[in-house]
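Single-letter residue listing:
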Amino acid sequence: MSEYIVTIEDIKNEIIIFNGSSVKLNGKRYDYDVTLLSGVTYLLTFSNKLYKISSEKINDEKYRITVDGKQFEAVIRTSLQEKASKLVGINKNINHKLDVKAPMPGIILKIKKNEGDEISKGESIMILEAMKMENDLCAPISGTIRNLNVQEGIAVEKGVDLFSIE
Amino acid sequence: MFKKILIANRGEIAVRIIRACKELGIKAASVYSDADKTLLHAQYADESYNIGVPQSSESYLNQDKIIKLAKTINADAIHPGYGFFAENAEFIKAVEEAGLAFIGPNSKSVAMMGSKTAARKLMSQNNVPIVPGTTEPIESLEEGKKNASGIGYPILLKASAGGGGKGMRLVSFDSEFQAAFEETQRVSLKAFGDDSVYIEKFIEKPKHIEVQIIADKFGNYVHLFERDCSIQRRHQKIIEEAPSSILNMEIRNKITSAAINAAKACNYYNAGTIEFLMDQNKNFYFLEMNTRLQVEHPVTEMITGIDLVKEQISIASGNKISFKQDDIRMNGHAFESRIYAEDFENNFLPSTGELLEYVIPSGPGVRVDNGFGRGSKVSMYYDPLISKLIVWDKDRKSAISRMLRALSEYSIAGVTSNISFLKKIFNHKKFIAGTFDINFIENEFIPSLEKENGKQTDYKLQTIVSIFIAALKEQSSAGNHIRNKLNRDNNKWTELLYE
């Protein structure tokens, strides 16, 4: 028997796995089966229905899951890891800084804000050109722009730190 | 008829053309850049040629390379698809001069329609209604202001050489005019190398209605009815349908005759599309002519039974149109959904990567025009269209159900797709009622996407994902148990040996 906490879109789901075919979710017990189809794709049998689910590992606890045309990022931790991460999380919140990374490779076409500017969530910070399109990069949270690491006209790889918001 | 055609394009449209060639008994030659080796067009063609590094200017947009290749491999024609060279009069001229056939119109017709102001002028002289505004580029700020107040605000400033929504600016008041005028000039000079700008009256809440026409070199012109392409995001179409749900026979006759007049005005041959804006009183105005095959041509094929690509090839080789206007009947209703690798919850940001999982729909009334397979890579160099899902059914309501059914059969992983966004649209009341205009997505979806808690939690999917991932974790901590289990299920001998 193992206990896990799965976090999806900020919602925490408690799961207890019994013997590899039976599971208790948020207090309710279900039977299930998982079969690997190929590559990253599996079949989950659950409540008289088969779900085709693709799973890509992002890191040890984070997975990108695609099911029914929808994509989720799910974080899985054992209940012990979850407790530990909560403690770390409290410390993190004191700094509350968010690094914004390039979501895809491209060219920085225009930077609309300066370091130190106050910005609100959803405001456009810069334009990244990729795939023949100009993509507005918007602030994921409100705050102040720090560590502006890029200049107009340069090419960036996916995952490069662009700026952070404090 | 031609013996070998070089297809100067990539992805689903290259596959579409290869299919037509094969069915006509013509050899299809494809080209692919270093980034596109894993795409289907490189695999399906009879011959495939690597044309270099991913950057379009060095590969799919390298005129000399492509024409030279066509000569070397003894192709007798080039099909440009859409985008890239399809509406490049200079390229068409070079193809003609190289003694090859261009599967499309001649360079003169394309050049005539290339400048928006020249096209507007030509149309107004040929009984095709145009949006009120100027037919010449604006020479000065004073002249522009005078024209704008004469037409009446709000107005649109547009780049003469523009398209696809680039170089376009809405001006609501006289006081905004100067800044908007200067900016539009700057943007169009940068994007199109030409700073001429003209003025159009802003049509409020219009629909985008376009008419498919086809013509041969003997002066025969036929229309294949209309398509409604009002569902757009950032001025890019994502859902198209035929016929339009709001046209009656009287307006249909008017708009299709106007389209034929437009094609005749530029001595057009081959397949072409005349785009119109239709206001709420069903007045329609010429927007532009697309002198090529359209992305959304399949919906027309579905309701008329005509294969537009085969017809294009036949006309380019010197044949007459294989049918008459009176032979064409509209039958049923068709939709097309463009499946893009993009994240609608993140400002429609394109998504790149390898398709780790890729299954496309099938079944009655379903057609998928597709350029990718599992293992294909969606790269940053080109537009993020993966495939087009087209459905047909006897009426609009049934076709909507069929589209939703087919969308649910897609299985894509490795990149983010817009499939769940498309489902939201096909489930939307206003979409189902047909009472939408070109601002539909902006008005109905963007505000709710930007809202702080706009995301609706799907508890059932939460449950499924949670159980799945916990089961995966549990089993992976007990070795590669899942794979072993599958092998065991499939192979009784293994079971006997090991259990």
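Here, every reference points to the structure presented above.
Residues numbered from 1 in each chain as written. Chains lettered and ligands numbered in written order. Predicted model: local features only at pLDDT ≥ 70, side-chain atom pairs only at ≥ 80, totals over all residues. Heavy atoms only, no water.

A word on the pairing of strand β12 (residues 124–130) of chain A. It is a general feature of regular strands that their side chains alternate between the two faces of the sheet. Residue and element names in this part refer to chain A. With 6 of its 7 residues buried, β12 lies for the most part within the structure. Examined bridge by bridge, β12 and strand β13 (residues 133–138) share 6 bridges and lie antiparallel to one another. When the bridges of β13 are listed, isoleucine 127 appears paired with aspartate 136. As consecutive antiparallel partners, β12 and β13 are separated by 2 residues, and within that stretch methionine 131 has a phi angle of approximately 50 degrees, a positive value. (Buried < 20%, exposed > 50% of the residue type's maximum accessible area, 1.4 Å probe, protein only. Helix = DSSP H or I, 4+ residues; strand = E, 2+ residues; numbered from the N terminus. Pairing = 2+ DSSP bridges.)

Another point: the packing of helix α7 (residues 141–151) of chain B against helix α8 (residues 177–192) of chain B. All names here are of chain B. Contact pair α7 / α8: the axes reach a minimum separation of 11 Å and the direction vectors enclose 115 degrees. With respect to the hand of their crossing, α7 and α8 are arranged in right-handed fashion. Every residue of α8 that contacts α7 at Leu141, Gly144, Lys145 and Ala148 is listed here: Phe177, Gln178 and Phe181. (Axes fitted to C-alpha atoms, helices over the stretch in contact; angles between N-to-C directions. Left-handed = near helix turned anticlockwise from the far one by under 90°. Contact = heavy atoms within 4.5 Å.)

Residues and elements named next belong to chain B. Tracing the chain through its elements places asparagine 418 in the loop between β22 (411–413) and α13 (419–426). Within the structure, asparagine 418 has its side chain in polar contact with the backbone oxygen of arginine 338 (distance 3.0 Å). Setting aside anything within four residues of it in sequence, one finds asparagine 418 in contact with Arg338, Ile339, Tyr340 and Glu342. (Polar contact = N/O pair within 3.5 Å; in protein donor to acceptor, adjacent residues only side chain to side chain.)

Let us look at the sheet that holds strand β2 (residues 11–17) of chain A. Strand pairs in the sheet, formed through backbone hydrogen bonds, run parallel or antiparallel to each other. Pairing within the closed barrel is antiparallel, and its 8 strands lie in the order β1-β2-β3-β4-β5-β6-β7-β8 (chain A). For this sheet the average axis-to-axis angle between neighbouring strands, irrespective of direction, equals 35 degrees. Docked against the sheet, helix α17 (residues 459–477) of chain B engages β1 (2–8), β2, β3 (22–25), β4 (28–38), β5 (41–46), β6 (49–57), β7 (62–67) and β8 (70–78) of chain A, running at close to 45 degrees with respect to β2 of chain A.

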